[in-house]
Amino acid sequence: MAPTAPLAIGLVYDCKEDHLAAGLAPHEVMEFDSRETIDGLAADLAALGHRIARVGGGLELARRLAAGERWDLVFNIAEGVSGRSREAQVPAICELFAQPYTFSDPLTCALTLDKPLAKRVVRDHGLPTPPFAVIERAEDAAAIDLEPPLFVKPAAEGSSKGIDARSKVERREDLAATAAEMLATFRQPLLVETFLPGRELTVGVAGTGDGARVIAVMEILFVGGEDREAYTALNKGDWERRMSYALLDGEPLGARAREVALGAYRALGCRDLARIDLRCDAAGEPHFLEANVLPGLNPRSGDLPILSRLAGHTHAELLGRIVAAARERWGI
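Scope of this entry: the structure provided in the associated data block.

Cut-offs applied
Residues numbered from 1 in each chain as written. Predicted model: local features only at pLDDT ≥ 70, side-chain atom pairs only at ≥ 80, totals over all residues. Heavy atoms only, no water. Pairing = 2+ DSSP bridges. Helix = DSSP H or I, 4+ residues; strand = E, 2+ residues; numbered from the N terminus. Axes fitted to C-alpha atoms, helices over the stretch in contact; angles between N-to-C directions. Phe/Tyr/Trp six-rings, centres within 6.5 Å; stacked < 30°, edge-to-face > 60°. Lys NZ or Arg CZ within 6 Å of the ring centre and 35° of its normal. Buried < 20%, exposed > 50% of the residue type's maximum accessible area, 1.4 Å probe, protein only. Contact = heavy atoms within 4.5 Å. Core = buried A, V, L, I, M, F, W, Y, C linked by side-chain atoms within 4.5 Å.

## Some remarks on the sheet that holds strand β9 (residues 213-222)
Turning to step 1, where the next piece is worked out: The strand order β10-β9-β8-β11-β12 describes an open sheet built from five strands, whose pairing is antiparallel. Edge positions in the sheet fall to β10 (243-247) and β12 (286-292), since each of these pairs with one other strand and no more. Direction aside, neighbouring strands of the sheet carry axes that sit 30° apart on average.
Turning to step 2, where the next piece is worked out: Bridge count for strand β8 (residues 200-206) against strand β11 (residues 273-280) is seven bridges, and the pairing is antiparallel. What sits directly across from Val203, in β11, is Ile276.

Written out as structure tokens, the structure reads:
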């Protein structure tokens, strides 16, 4: 098959509206994609010449693969409904049935969803990341020896889920109460980090291994609302009023951010495309926060599409880059 030949693509996703209709609560579907995102992906992939089949989530994918259906490529944005390794479920199903798919493999998807584990890998590769600890029970807070202010968030969530005004803890004596509240809400361990007061950055990286390249470095700027110290779920939801975005071109911070992000991307084994989130310390050094290996791709509001748009690329071109990277890996 020629490299530019159209592909039969199975689009695999967890639709927010479908899960709400099935009875999940709004906070349980924060990470899932809206119908707007799914429609935009299908339309732009079709505009590239590909034949698109809307599959749905992991269970439907497993049913169809077990029935013998196959595609040249599965385009996977499914987050999974539950479990610590939920983002690894669709890649694992695809590998079980020898079905080529986009983005990272099950190991990397599980690793990067667990923020403390991802930070350990990045730290062991000599890359900067804020000092951190893990709280599994509220009483663990007493043993935390990090200097405040601290930043607390669920260890295995995305889309800024669980990041709000209570995440920044100014006094060590308040940590136990904050931890108890968040443990009760999210029923999972918490990541506690030293709060970094510097600039917030996100970096788009495309490709695999030695062939991975940075698309651009984007600074996230807080311009409205009261939450101006963290990229909270509230800020993301009201991004047009509260946020502004700008590419870092021609300054030393941008070059260093590229170096840290690309190093983290490769250390974690990311493939095809990912978004690496960084934040600077008081001295201006960018530190790794987390890797988003199934990055939000809403054509209007997704951070990576915004970054790509500022860099002069259309949404269809961004998707084409993902497909090209995946088909090169799979030889299709």
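That shown, we press on.
## Things to note about the packing of aromatic side chains
Turning to step 1, where the next piece is worked out: Counted according to the given criterion, the structure contains three aromatic pairs.
Turning to step 2, where the next piece is worked out: Pairing Phe75 with Phe103 gives two aromatic rings, centres 5.7 Å apart and planes at 80°, and the pair type is edge-to-face. Residue Phe75 is found in strand β3 (residues 73-76), and its partner Phe103 is found in the loop between α4 (89-96) and α5 (106-113); the two are separated by 28 residues along the sequence.
Turning to step 3, where the next piece is worked out: Over the face of the ring belonging to Phe195 we find Lys168, whose NZ or CZ atom lies 4.4 Å from the ring centre.

## Notes on the environment of Gln89
Turning to step 1, where the next piece is worked out: Locating Gln89 in the fold gives a position in helix α4.
Turning to step 2, where the next piece is worked out: Assessed through its relative accessible area of 38%, Gln89 is described here as partly exposed.
Turning to step 3, where the next piece is worked out: Sequence spacing of Gln89 and Glu229 is 140 residues, and the spatial spacing of their C-alpha atoms is 34 Å.
Turning to step 4, where the next piece is worked out: If we skip the residues at most four places from it in the chain, Gln89 touches Gly80, Val81 and Ser82.

## Quick word on the nonpolar core
Inside soluble globular proteins, nonpolar side chains tend to come together where they are buried.
Turning to step 1, where the next piece is worked out: In terms of nonpolar packing, the biggest core is built from 34 residues, with Phe75, Phe103, Tyr245, Leu273 and Leu297 touching the most fellow members.
Turning to step 2, where the next piece is worked out: For this core, the elements supplying multiple residues, two or more each, are β1 (8-12), α2 (35-47), β3, β9, β10, α11 (303-310) and α12 (315-330).
Turning to step 3, where the next piece is worked out: Setting aside its immediate chain neighbours within four residues, Phe75 contacts Ile9, Gly10, Leu11, Val12, Leu41, Leu45, Thr102, Phe103, Leu297, Leu319, Ile322 and Val323.
Turning to step 4, where the next piece is worked out: Counting 30 residues, the second-largest nonpolar core is a separate cluster that includes Val122, Val203, Ala212 and Val217.

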